[in-house]
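A structural walkthrough
Residue-level listing of the chains:
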Amino acid sequence: MAQKIALIGASGFVGGRLLQRLKEVEGFEIVCMGRSPVPGFAHAFLDLKSPDTIAPAFAQVRPSFVFQLAAQSSVVGANSDKMDSWKVNAEANAAIASAMSTYVPECGILYTSSSEVYGEAFNSGEVNEDTCPKPLSTYACSKLAGELAYRALLTPQNQLIVVRPSNHSGLGQSTNFVLPSFASQVANETQVRVGNIEVKRDFLHVEDVVSAYMHIFAARANIGQRECYNVSSGSAVSLSEVLASLVEMAGGNVSVEVDPKRYRATDVEETKICAQRLAKAVGWKPKHSLEFLLKELISGHSLRKGGE
């Protein structure tokens, strides 16, 4: 009988891409755990907003490895509905950890946290996995709480791999996120409304993030029981530079209007994130340049405009 990989968040922006890569892994059955089935894959009902659905799902599936990608993933969204975000990002992960320790006490899990957990620590320079997190938002606090829940509730035999990806984007991402928002406005409007564009951020293509997760899964037998990896490009660029590149790629004249409502109260000036631990452990490095990502986004949003 094939072992089972459980994917929580298969219908999400990253999860859908990871699902296609997992199809290539031999010797495993992929089970999508979530509210709705994914055509062509086994399904077990699980609703992160209803923690009482989590234990029965794990009792049914009994996976040997779990990818937990589901979350309230928007910083703005998390701040607008703080209790709901806490339930999804913190309480649900505690319930997953408890269910794993009960029904699959030797099952491994890759939990997607966020580089946002470093928060105020960015103000002291480059961060690595040994940097003490100092989260500044509801989103970051709830993601760090999820990390701590797994550390507290899993058995010693449950392998826990926490990943803290930097900002990542690609076609299909919601315009609630900065790069698709910029690209959509540049491609379809004459004016772009922005917040603080002097901040510097580390950006990755979503396919590089998926590749990192696959590298980690392939190397899981050779890494420790409790590991944490940053997933980042290792360099930061200002949003003003990003916006200027998108405008140039679009070949249009676009004015920029600063909207104070788009400012974040807890913004840090620069996010410098070291990912050398991941590179040394599994041999991963990003393949897609920021220019490639921006060209993909502006092309995709321009095509949408032409098809309307």
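One open sheet accounts for seven strands, arranged E3-E2-E1-E4-E5-E6-E11; its pairing is parallel. Only two strands of the sheet have a single partner each, and these edge strands are strand E3 (42-45) and strand E11 (226-231). Geometrically, the sheet is characterised by an average inter-axis angle of 20° between neighbouring strands, direction not taken into account. Lying over the sheet, helix H1 (residues 13-22) contacts strand E1 (3-8), strand E2 (28-34) and strand E4 (65-68), oriented at roughly 165° with respect to E1.

What follows is about the environment of Glu29. By the element assignment, Glu29 lies in strand E2. Residues Glu29 and Leu246 lie 217 residues apart in sequence; the distance between their C-alpha atoms is 41 Å. Once residues within four sequence positions are removed from consideration, Glu29 is found in contact with Ala2, Gln3, Lys4, Ile5 and Ala42.

Turning to the nonpolar core, a few remarks are in order. Ranked by internal contacts, the top residues of the largest apolar core, which has 35 residues, are Leu18, Leu22, Phe67, Tyr213, Ile216 and Val231. Going through the elements one at a time, E1, H1, E2, E4, strand E6 (160-165), helix H7 (206-218), E11 and helix H9 (276-282) are the ones with two or more residues in this core. No other element matches the eight residues that H7 contributes to this core. Apart from residues no more than four positions distant in its own chain, Leu22 is found in contact with Ile5, Leu7, Ile30, Phe67 and Met214. Counting residues in each nonpolar core, the second largest holds 29 residues, with Ile8, Leu46, Tyr111 and Leu160 among its members.

A separate point is the side chain of Asn158. Along the chain, the position of Asn158 falls in the loop between helix H5 (138-153) and E6. On the basis of relative accessibility, which here comes to 0%, the residue Asn158 falls in the buried class. In terms of polar contacts, Asn158 uses its side chain to reach the side chain of Thr155, at 3.0 Å. Residues contacting Asn158, with those up to four places away along its chain left out, are Met100, Ser101, Val104, Pro105, Glu106, Cys107, Gln225 and Arg226.

To continue, consider the packing of helix H6 (residues 178-188) against helix H8 (residues 239-250). Two elements in contact, H6 and H8, have axes separated by 10 Å at closest approach and are oriented at 35°. Note that H6 runs across H8; the crossing there is right-handed. Residues Val178, Leu179, Phe182, Ala183 and Val186 of H6 form the contact with H8, whose own contacting residues are Leu239, Val242, Leu243, Leu246, Val247 and Ala250. The class makeup of the residues in the contact of H6 with H8 is eleven nonpolar, no polar and no charged.

This part takes up H1. The complete set of buried residues in H1 reads Val14, Gly15, Leu18, Leu19 and Leu22. For H1, the angular spread of the buried residues around the axis is 135°, confining them to a single face. The inward-facing, buried residues of H1 contact E1, E2, E4, strand E7 (167-169) and H7.

The rules behind these values
Residues numbered from 1 in each chain as written. Predicted model: local features only at pLDDT ≥ 70, side-chain atom pairs only at ≥ 80, totals over all residues. Heavy atoms only, no water. Pairing = 2+ DSSP bridges. Helix = DSSP H or I, 4+ residues; strand = E, 2+ residues; numbered from the N terminus. Axes fitted to C-alpha atoms, helices over the stretch in contact; angles between N-to-C directions. Contact = heavy atoms within 4.5 Å. Core = buried A, V, L, I, M, F, W, Y, C linked by side-chain atoms within 4.5 Å. Buried < 20%, exposed > 50% of the residue type's maximum accessible area, 1.4 Å probe, protein only. Polar contact = N/O pair within 3.5 Å; in protein donor to acceptor, adjacent residues only side chain to side chain. Left-handed = near helix turned anticlockwise from the far one by under 90°. Nonpolar A, V, L, I, M, F, W, Y, C, P; charged D, E, K, R; others polar. Arc of directions from axis to C-beta.

Read these as layout, nothing more, since geometry by itself doesn't imply function.
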